[in-house]
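# Remarks on the overall topology
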Amino acid sequence: MAISIKSPSDVEGMRVAGRLASEVLDMLMPHVVPGVTTDHLDKLAHHHIVNVQGAVPAPLNYAPPGYTPYPKSICTSINHQVCHGIPNDRPLKNGDIVNIDVTVIKDGWHGDTSRMFIVGTGSIAARRLIQITYEAMWKGIVKVRPGAHLGDIGNAIQTFAETNGFSIVREFCGHGIGARFHEEPQVLHYGRPGGLEELKTGMMFTIEPMINAGKREIRETGDGWTIVTRDRSLSAQWEHTVLVTDSGYEVMTLSAGSPPPPAFVSGA
Ligand code: MF3
Ligand code: CO
Ligand code: CO
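To keep things clear, this report deals only with the structure shown in the data block. (Residues numbered from 1 in each chain as written. Chains lettered and ligands numbered in written order. Predicted model: local features only at pLDDT ≥ 70, side-chain atom pairs only at ≥ 80, totals over all residues. Heavy atoms only, no water.)

### Some thoughts on the environment of Thr 201
Selection rule: Numbering of helices and strands runs from the N terminus; a helix is a DSSP stretch of H or I covering at least four residues, while a strand is a stretch of E covering at least two. Here, two residues are considered to be in contact whenever any of their heavy atoms come within 4.5 Å of each other. Polar contacts here mean pairs of N or O atoms no more than 3.5 Å apart (in protein, one a potential hydrogen donor and the other a potential acceptor; neighbouring residues in sequence count only if both atoms are side-chain atoms).
For Thr 201, the position within the fold is in the loop between strand E8 (183–187) and strand E9 (204–207). Residues Thr 201 and Lys 6 lie 195 residues apart in sequence; the distance between their C-alpha atoms is 8.5 Å. Not counting residues up to four positions away in its chain, the partners in contact with Thr 201 are Ile 5, Pro 146, Val 244, Thr 245 and Asp 246. At a separation of 2.8 Å, a polar atom in the side chain of Thr 201 contacts the side chain of Asp 246.

Structural data, given as structure tokens:
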């Protein structure tokens, strides 16, 4: 199936869904403290999405081919967990780093975003990984404009991460998004400039680099979902849902609590 082009009214629906997803992270932020369990964060998120936002948590019971249905409403990936960590009853402890990934469905449209959180006080190494990963995501976002290629995005992210001594996870990528959670195209976080699909106004996809402090290799754990680094090094990820506009890009998944873009992002 071809890459869908969003109409102005589709985009308006995506703006709402994107903002709501980001607002779930805003709501969770003060709760990410030592001693809290990721199950508790999941319950808070579920309640907020369903009862406050009138939306649906897309991960709950999500079952792509070959997967068992995902059992929770958010993903919480801690330390060496790369992505798709399942909330559980273990308390977070001081110094943990956590990715919380939220996807909501509102009026049929999906908003997908994730941020990193530090529990209490993080190590300098952890803070640097989180910061570089955040900047890497934005290095990709600023490449987005009609006429650019998906390979430009991947190359910008890969070059920046590897220059800083980190590695890019290759098995998972960003994705087209809209009326479905995961659509075409795949958005690789590595690649060659000028490679792959040319971007056109109205395309909508996520950019969500997973970056490891050590080697890039990963493995799946026994729960069928959680991905970890093979060398048990720390891993970080940030995610935004982005629209290709005539003049460049628009980020769908912003809200009052979104961290500001890095200084190299000119006010668009
Ligand atoms: N939100 C993830 C993404 O960015 C997908 C999670 S699938 C789930 O694509 F089932 F684990 F929630
Ligand atoms: Co995504
Ligand atoms: Co996500």
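### Here we look at the layout of surface pockets
Space left empty within the atom packing is revealed by a probe, the size of a water molecule, rolled over the atoms. Rules: Cavities and pockets are defined on a 1 Å grid built over the protein atoms alone: a cavity is a set of grid points where a 1.4 Å probe fits but cannot escape, while a pocket is an open set with protein on both sides within 12 Å along at least five of seven lines, and lining residues are those with an atom within 4 Å of any such point. Grid points are joined across faces, edges and corners, and a volume is the space filled by probe spheres set on the points. Residues are grouped as follows: Ala, Val, Leu, Ile, Met, Phe, Trp, Tyr, Cys and Pro are nonpolar; Asp, Glu, Lys and Arg are charged; every other residue, Gly included, is polar.
Roughly 610 Å³ of internal volume is contained in the largest pocket. Among the secondary structure elements, those contributing two or more residues to the lining of the largest pocket are strand E2 (75–78), strand E4 (97–106), strand E7 (174–176) and E8. Per-element tally for the lining of the largest pocket: the top contributor is E8, with four residues. For the lining of the largest pocket, a count of residues per class yields 14 nonpolar, nine polar and seven charged. Here the second largest pocket is characterised by a volume of approximately 240 Å³. Along its surface, the second largest pocket is lined by 15 residues, and Thr 38, Ile 78, Gln 81, Asn 88 and Arg 90 are the ones closest to its centre. Here the residues of the lining of the second largest pocket sort into four nonpolar, seven polar and four charged.

### Comments concerning the coordination of the cobalt ion (ligand 2)
Ideal values for angles at a metal depend on the geometry: 109.5 degrees with four tetrahedral donors, 90 or 180 degrees with six octahedral donors. Rules: Only nitrogen, oxygen and sulfur atoms count as donors, using a 2.8 Å cut-off from the metal that widens to 3.2 Å for Na, K and Ca. Water is left out, so coordination shells may look unfilled. Any site counts as irregular unless it has four donors with all angles between 85 and 135 degrees, making it tetrahedral, or four or six donors with opposite ones more than 155 degrees apart and the rest between 65 and 115, making it square planar or octahedral.
Distances from the cobalt ion (ligand 2) to its protein donors, namely Asp 112 (OD), His 175 (NE2), Glu 208 (OE) and Glu 239 (OE), fall within the range 2.0 to 2.2 Å. In this structure, the cobalt ion (ligand 2) is coordinated by six donor atoms arranged in irregular fashion, with angles at the metal of 51 to 161°. Between the donor residues of the cobalt ion (ligand 2), the gaps in sequence give the motif D-x62-H-x32-E-x30-E. Between the cobalt ion (ligand 2) and the cobalt ion (ligand 3), a spacing of 3.3 Å is present, and a bridge between the two is formed by Asp 112.

### Thoughts on the packing of helix H3 (residues 124–141) against helix H4 (residues 150–163)
So the rule is basically this: All axes here are fitted lines through C-alpha atoms, helices being fitted over the stretch that makes contact, and every angle between N-to-C directions spans 0 to 180 degrees. Note that the term roughly parallel is reserved for angles under 35 degrees, roughly antiparallel for angles over 145, roughly perpendicular for angles of 65 to 115, and oblique for everything else. Crossings are classed by handedness, with left-handed meaning an anticlockwise turn of the near helix from the far one by less than a right angle and right-handed meaning a clockwise turn.
The N-to-C vectors of H3 and H4 enclose an angle of 155°; their axes lie 8 Å apart at closest approach. For the element pair H3 / H4, the angle class is roughly antiparallel. Crossing hand, H3 versus H4: right-handed. Within the contact between the two elements, H3 uses Ile 132, Glu 135, Ala 136, Lys 139 and Gly 140 and H4 uses Ile 153, Ala 156, Ile 157 and Phe 160.

### Section: the environment of Ala 58
Within the fold, Ala 58 resides in the loop between strand E1 (56–57) and E2. Residues Ala 58 and Lys 106 lie 48 residues apart in sequence; the distance between their C-alpha atoms is 9.7 Å. With residues near it in sequence (within four places) discarded, Ala 58 still touches Thr 103, Val 104, Ile 105, His 110 and Phe 181.

All we've got here are geometric facts, nothing functional implied.
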